[in-house]
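Chain and residue survey
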Amino acid sequence: MDIDFPLVLVILTFATGLIWLLDRLLLRKRRLAAAGLAPGEYEADQEPKEPYLVDLSRSFFPVLAVVLVLRSFLVEPFQIPSGSMLPTLEVGDFILVNKYAYGLRLPVAGTKILDVDDPERGDVIVFRYPEDGSTNYIKRVVGLPGDRIRYQDRQLYINGEKVESRFVARLPPVELRRETLGDTQHDVFLTLGRTGRSGEGEWLVPEGEYFVMGDNRDNSNDSRYWGTVPDEMVVGKAFAIWMHWQSLTSLPSFDRVGGIE
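A brief report on the enclosed structure follows. Predicted model only: the values in this text are computed from it and were never measured. (Residues numbered from 1 in each chain as written. Predicted model: local features only at pLDDT ≥ 70, side-chain atom pairs only at ≥ 80, totals over all residues. Heavy atoms only, no water.)

**Some thoughts on the pattern of salt bridges**
Two side chains bearing opposite charge may form a pair once their charged atoms approach each other closely. Under the criterion given, the structure shown has 20 salt bridges. For Arg-58, the salt bridge goes to Asp-55, with nearest N and O atoms at 2.8 Å. Residue Arg-58 and its partner Asp-55 are both found in helix H2 (residues 52-74); the two are separated by three residues, about one turn of the helix. Given the relative accessible area of 36%, Arg-58 is considered partly exposed. Linking Asp-218 and Arg-154 is a salt bridge whose minimum nitrogen-to-oxygen distance equals 2.4 Å. With a gap of 64 residues between them, Asp-218 in the loop between strand E14 (209-213) and helix H3 (223-226) and Arg-154 in the loop between strand E7 (148-152) and strand E8 (155-158) connect regions that are remote in the sequence. (Salt bridge = Lys/Arg side-chain N within 4 Å of Asp/Glu carboxyl O. Helix = DSSP H or I, 4+ residues; strand = E, 2+ residues; numbered from the N terminus. Buried < 20%, exposed > 50% of the residue type's maximum accessible area, 1.4 Å probe, protein only.)

Given below as structure tokens:
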């Protein structure tokens, strides 16, 4: 069972904050009265001992509150679980996602409370998978609202124009190509010897939605198969790799630290 970490964090922050506030406003006064002490008229070492739950809440609430604010409105870490964004992102990459790049949203609910900017063609974004509304996916924005996207013979077209894509290297089992989307140049993988017409088609991107694709073009579950991403599902913009950790049996590496194209 998947754990909804944002919801857990909100609940823990609210619960510890409520317990701490209740103690400051009511319970502490009762403890002092029971000990025969008047507020402000006793030494610090005479203070009755706080209940364990109150002490725990007082210690953890500030930390949880800071984490909640940072994670909800500024930057959130994610780990790459699959190879759909190769060669840009590898399995085990730990990335940072800018949560305010496309507007501030309430934690858990996801309601936008402040517009900042919109995703641009070529951006790498994290979003909630539209078919379940909870699983986090990461792909590259290919189509903006109103765009007509066509993918044919392993070539991308936007509004009838062929997207620039040049051969870089043959790296069996893949071919490495350099693609230009708007102001962004990035590498893509095409599997050598792949036959069939999987993922081909033409789509019109609805208003308020985005067409996304993985850089590992022949091995990505993306908008070609399940449709576009509504704006309310967008979590943020991936902007940096800060660590690579392949598995628990390996050591963390910082060789891949840097920005994401």
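Here the narrative resumes, following the displayed structure.
**Some points on the sheet that holds E7**
The four strands are arranged E9-E8-E7-E13 in an open sheet whose pairing can be described as antiparallel. The sheet is open, and its two edges are formed by strand E9 (161-162) and strand E13 (201-204), each paired on a single side. Pairing between E7 and E13: four bridges, direction antiparallel. If you follow Arg-148 over to E13, its bridge partner there is Leu-204. (Pairing = 2+ DSSP bridges.)

**Quick notes on the packing of aromatic side chains**
All chains considered together, the criterion is met by eight aromatic pairs. On the numbers, 6.2 Å between centres and 80° between planes, the contact of Tyr-137 with Trp-226 is edge-to-face. Of this pair, Tyr-137 sits in strand E6 (residues 136-143) while Trp-226 sits in helix H3, and the two are 89 residues apart along the sequence. Taking the relative accessible area as the measure of exposure, Trp-226 reaches 12% and is therefore buried. An angle of 45° between the planes, with centres 5.0 Å apart, marks the rings of Trp-203 and Phe-211 as tilted. A single burial state applies to Trp-203 and to Phe-211, both of which are buried. Three or more aromatic residues joined by ring pairs make a cluster, and in this case those are Phe-127, Tyr-129, Tyr-137 and Trp-226. (Phe/Tyr/Trp six-rings, centres within 6.5 Å; stacked < 30°, edge-to-face > 60°.)

**Brief notes about the sheet that holds strand E12 (residues 184-191)**
Ordered in space as E10-E11-E12, the three strands form an open sheet in which the pairing is antiparallel. The open sheet is flanked by strand E10 (165-171) and E12, the only strands paired with a single partner. Shown here is a sheet whose adjacent strand axes are inclined to one another by a mean of 25°, direction ignored. Bridging between strand E11 (residues 174-181) and E12 involves eight bridges; their strand directions are antiparallel. (Axes fitted to C-alpha atoms, helices over the stretch in contact; angles between N-to-C directions.)

**A closer look at the packing of helix H1 (residues 5-34) against H2**
With their axes 8 Å apart at the nearest point, H1 and H2 run at an angle of 135° to one another. Classed by the angle they form, the pair H1 and H2 counts as oblique. The chirality of how H1 crosses H2 is left-handed. Contact residues: Phe-5, Pro-6, Leu-9, Val-10, Leu-12, Thr-13, Thr-16, Gly-17, Ile-19, Trp-20 and Asp-23 in H1; Leu-53, Val-54, Ser-57, Arg-58, Phe-61, Leu-64, Ala-65, Val-67, Leu-68 and Arg-71 in H2. (Parallel < 35°, antiparallel > 145°, perpendicular 65-115°, else oblique. Left-handed = near helix turned anticlockwise from the far one by under 90°. Contact = heavy atoms within 4.5 Å.)

**Some details on the nonpolar core**
The biggest cluster of nonpolar side chains holds 13 residues, and the ones touching the most others in it are Leu-89, Ile-95, Val-124, Val-126, Ile-138, Ala-238 and Ile-260. Broken down by secondary-structure element, the contributors of at least two residues to this core are strand E2 (93-98), strand E5 (124-128) and strand E16 (234-244). At three residues, the largest contribution of residues to this core is made by E16. Those residues in contact with Ile-138, other than ones at most four positions away along the chain, are Ile-80, Ser-84, Met-85, Leu-89, Ile-95, Val-124, Ile-125, Val-126, Phe-127 and Ala-238. (Core = buried A, V, L, I, M, F, W, Y, C linked by side-chain atoms within 4.5 Å.)

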